[in-house]
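The primary structure of each chain is shown beneath.
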Amino acid sequence: MPELLDYFEGNRLLKRYGISCIDSQYVSSAEEAIAFSKRGPIALKLISSKAIHKTKSGLVKLNLTGSEIKAAYSELARKGNALKPYKIIAQKMAKPGIEIIVGGKTDPQFGKLILIGLGGIYVEVFKDFALRVCPITKNDTIDMIEQLKSRKIVTFSGKDTDMIAGVLLKVSKLLIENQEISELDLNPLIIRAGSYEAVDIRIFK
Amino acid sequence: MKKINLRPMLKPASVAIIGASRDPEKVGHVILQNYLNAGYSGKLYAVNKNAGAEISGIKVFGSVLEIKQEIDLAVIAIPAQFVPEAMEECGKAGVKTAIVVSGGFAETGNKELQDRLVKVAEKYNMPTLGPNCLGVMDPRSRIDTLFLPTYKLSRPSVGGVSFVCQSGAVGSTVLDLISGEGFGLSKFISYGNAANVDEVDILNYLMDDEETKVIIMYVEGIKRGKEFIEIAKKITKVKPVVVLKAGRTPAGIAAAHSHTAALAGDYETHESIFRQFGFTVAEDINDLLNYAKIFSSESLPTGNKVAVITNGGGVGVLTADEISMSGCLEMSKFTKRSCDALRKIMPALVNIRNPLDLAGDADGERYSDALSVLSTDDNIDIFVIITLFQTPGADSRAAASLISFKEKTDKPMIDISIGAEYTRMHRIMMESSGLPVYDSPLAAISSLSALLKYSIYKNRK
């Protein structure tokens, strides 16, 4: 049974490989969450190994400000009691952009695999993704992006292609150098105006 | 990576058939008979504990140990439970390689018996193909271990395509189809359960085999992933490999925890790895043959711009559609010089553009005239010629014009001819002269795309 890596342990691992993640912190009260929202609207997410698909289970509250935060926090805390142990995470709200998924898994025959696809809730419906075995080369990253039916959505400009190629190379390196990581999801990873942030992270040991 | 020498298996100077039988219903009889029919010129020994003194004029030995001569290959076709012992005798007799045709091992749940077979093969360092396989065919050395009689399955002519196949049924079907193609066979290797010799060993051997220009393969699963990647990286820099993978079932996906694991099932993983290392992925059996045809006759294109020359407007447009949808090929824009020259020599009803519709009355001469102008056009990298033989002008002289142009041009050139008997006759004429002919725009253009994509892969870095 794979074990879900602590969110911030995952965050630190990603940052060590130069992969940008959205500002986040654990909060243990509505007050802490409100304090975190000083710089703008936030999202609250309930993290529990008993609930893998957060969006589906209604465990994500988006775009919260002021008094909404308190209500959302108590709702999540109530749901969390049924899914113990749990934690609640506050995240800066990501600005809208193009959502992609970058992922990794371990194949018993071939080893570490890396994936890119159109992200968010669409990836499972459209099954539009490209897969390669690690380590990948720069050419492989270009092929992967080219292979996507949604490549024109995913790469708004040539600069985006280079940036996404860079993320893929970093994730490939991370997977190769951390063999204990069995599965990894950066979903969504949001691209906007020449920069990107991993907005949700799930890493399994 | 340890390389296994399959030469004694494919080019044996001596073969022992273990299980050779007088009974025409027995597999061992058909195999022996096929060796005789194929005209194998090496030494042939029959082995059977109780078959009497001779079968079809070949002396029968009670055991391989009694032969006391050098044996390159033992073909074993006896009931599964006797196989390990027969192999043990082969090992003691110094037999160099073995093929176990018999079934009844891991594929029927008898893993223990298969493990014993592998142990013997390893103990005597005797590369063993199978079990549960058709074995090998090599029309050059006239080796044919198939237990299927020649009246049921036509044997392909000598050529440059090697076919590696895990399944016996797919193997015999595709071989039968290859016998109807002009390109011919280099080696057929059916490896069944892959207990000892597997696809990695076979690809390793075929990579260095000069008689093999193109490899086509059918696989159900790859046994040694890491070693497969090592050979895959190397082999596609040397020669093209076309692969058909079976099993699109979503096995194993239920256990996934992440989105990534749920998406990347077994088929997707294999297909992606094939793509990554420059294999050409076939979607079905027809693709295997279509791609083998173009890879075995055409040089790699140096660009993606296609000239389409047709004697039927509609098929020309369908072909142009396929080209623009291919995602890699483009319709060429003829140079002004070509257009001016064409306008001078073509009848007024011929519109000078690409696709170039020579009209229904186009004969061999009109094809020759158009091709000779376009032969010097630098905007053209590839020629696709459409010859619809139902039209008034097209006859054997049109086919002859194409054949003669094909001999002169260095650029890839293929033909599309759609039709029944009369067309088929011309297709054979053109294909036996080295011009690949396809029976639909889709088959033609997907083959051309495969050729171009391989060329791009091979030449990069």
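One can find the structure itself at the top, above this paragraph.
Below, the structure is looked at part by part. All values derive from a computational prediction rather than experimental measurement. (Residues numbered from 1 in each chain as written. Chains lettered and ligands numbered in written order. Predicted model: local features only at pLDDT ≥ 70, side-chain atom pairs only at ≥ 80, totals over all residues. Heavy atoms only, no water.)

Okay, the overall build of chain A next. What chain A contains, in helices and strands, is seven helices and 10 strands. Principal axes of the C-alpha set define a box for chain A whose edges measure 50 × 40 × 30 Å. Accessible surface, chain A as shown: approximately 9600 Å² in total, 56% of it carbon and sulfur. When the 31 basic and 23 acidic side-chain charges of chain A are each reduced to a single mean position, those positions are 3 Å apart. (Helix = DSSP H or I, 4+ residues; strand = E, 2+ residues; numbered from the N terminus. Areas by Shrake-Rupley, 256 points an atom, 1.4 Å probe, with all protein chains shown as cover. Lys, Arg positive; Asp, Glu negative; His and termini not counted. Charge placed at Lys NZ, Arg CZ, Asp CG, Glu CD.)

Right, let's talk about the sheet that holds strand β10 (residues 158–165) of chain B for a bit. Residue and element names in this part refer to chain B. Strand order in the open sheet formed by seven strands is β9-β8-β11-β10-β12-β13-β14, and the pairing between neighbours is mixed. Strands with a single pairing partner mark the edges of an open sheet, and in this sheet they are β9 (143–144) and β14 (280–282). Here helix α10 (residues 285–297) sits on the sheet and contacts β10, β12 (214–219), β13 (241–245) and β14; the angle it forms with β14, its principal contact strand, is near 145°. (Pairing = 2+ DSSP bridges. Contact = heavy atoms within 4.5 Å. Axes fitted to C-alpha atoms, helices over the stretch in contact; angles between N-to-C directions.)

Right, let's get into the packing of helix α3 (residues 83–92) of chain B against helix α4 (residues 111–123) of chain B. Residue and element names in this part refer to chain B. With their axes 9 Å apart at the nearest point, α3 and α4 run at an angle of 5° to one another. The orientation of α3 relative to α4 falls into the category roughly parallel. Taken together, the residues of α4 that come into contact with α3 (itself represented by Val83, Pro84, Met87 and Glu88) are Leu113, Arg116, Leu117, Val120, Ala121 and Lys123. For the contact of α3 with α4, the per-class residue count stands at seven nonpolar, no polar and three charged. (Parallel < 35°, antiparallel > 145°, perpendicular 65-115°, else oblique. Nonpolar A, V, L, I, M, F, W, Y, C, P; charged D, E, K, R; others polar.)

This brings us to the side chain of Ser150(A). Mapped onto the elements of the fold, Ser150(A) is located in the loop between α5 (138–147) and α6 (151–154). Within the structure, Ser150(A) has its side chain in polar contact with the side chain of Asp128(A) (distance 2.6 Å). (Polar contact = N/O pair within 3.5 Å; in protein donor to acceptor, adjacent residues only side chain to side chain.)

Further remarks concern helix α6 (residues 199–208) of chain B. Residues and elements named next belong to chain B. The element α6 is extensively covered by neighbouring structure, given that nine of its 10 residues are classed as buried. Listed in full, the buried residues belonging to α6 are Glu199, Val200, Asp201, Ile202, Leu203, Asn204, Tyr205, Leu206 and Met207. Sitting at the head of α6, aspartate 198 places a side-chain oxygen 3.1 Å from the backbone nitrogen of valine 200. (Buried < 20%, exposed > 50% of the residue type's maximum accessible area, 1.4 Å probe, protein only.)

Within a regular strand, the side chains alternate between the two sheet faces. Residues and elements named next belong to chain B. Strand direction decides the pairing type here: strand β8 (residues 135–138) and strand β11 (residues 185–190), joined by three bridges, are antiparallel. When the bridges of β11 are listed, glycine 135 appears paired with serine 190. When β8 meets β9, the two strands line up antiparallel, connected through two bridges. When the bridges of β9 are listed, methionine 137 appears paired with aspartate 144. Between the end of β8 and the start of β9, which pair antiparallel, lie four residues, with arginine 142 showing a positive phi angle near 55°.

All right, on to the interface of chain B and chain A then. On the chain A side, the residues contacting the 25 residues of chain B number 33 residues. Here chain B packs against chain A, burying approximately 2500 Å² in sum over the two surfaces, 60% of which is carbon and sulfur. Seen at the junction of chain B and chain A, the total is one salt bridge. Residue Arg460(B) is joined to Asp143(A) by a salt bridge in which the shortest nitrogen-to-oxygen separation is 2.7 Å. The tally of links between chain B and chain A comes to six residue pairs in polar contact (both at pLDDT 80 or more). If you list the elements that add at least two residues to the side of chain B that touches chain A, you get α7 (225–235), α8 (259–263) and α9 (266–276) of chain B. If you tally residues by element for the side of chain B that touches chain A, the top one is α9(B), at seven residues. Residues that form the side of chain B that touches chain A fall into these classes: nine nonpolar, nine polar and seven charged. (Buried area = accessible area lost by both parts, 1.4 Å probe. Salt bridge = Lys/Arg side-chain N within 4 Å of Asp/Glu carboxyl O.)

We now examine α3(B). Residues and elements named next belong to chain B. Burial in α3 covers these residues: Val83, Pro84, Ala86, Met87, Cys90 and Gly91. The buried residues of α3 occupy an angular sector of 160° when the element is viewed end-on, so they sit on one face. At its buried positions, α3 is contacted by β1 (14–18), β5 (73–76), β6 (97–100), α4 and β7 (128–129). Where α3 terminates, the next one or two residues include glycine 94, which has phi positive at roughly 75°. (Arc of directions from axis to C-beta.)

The full count for this structure, using the stated rule, is zero disulfides over all chains. Looking at the unpaired Cys165(B), the closest cysteine sulfur is the one in Cys133(B), lying at 11 Å. (Disulfide = S-S within 2.5 Å.)

Attention now moves to the sheet that holds strand β3 (residues 60–64) of chain A. Residue and element names in this part refer to chain A. Strand order in the open sheet made by the four strands is β1-β4-β2-β3, with antiparallel pairing throughout. The outermost strands of the open sheet, each flanked by one partner alone, are β1 (24–27) and β3. Strand-to-strand, the axes of this sheet are offset by a mean angle of 25°, without reference to chain direction. Looking at chain direction, strand β2 (residues 42–47) and β3 are connected through three bridges and run antiparallel. By the bridge assignment for β3, leucine 44 is matched with lysine 61. Helix α1 (residues 7–16) contacts β1, β2 and β4 (87–92) of the sheet and is inclined by roughly 165° relative to β1. Strands β1, β2, β3 and β4 of the sheet are contacted by helix α3 (residues 67–81), whose axis makes an angle of about 10° with β2.

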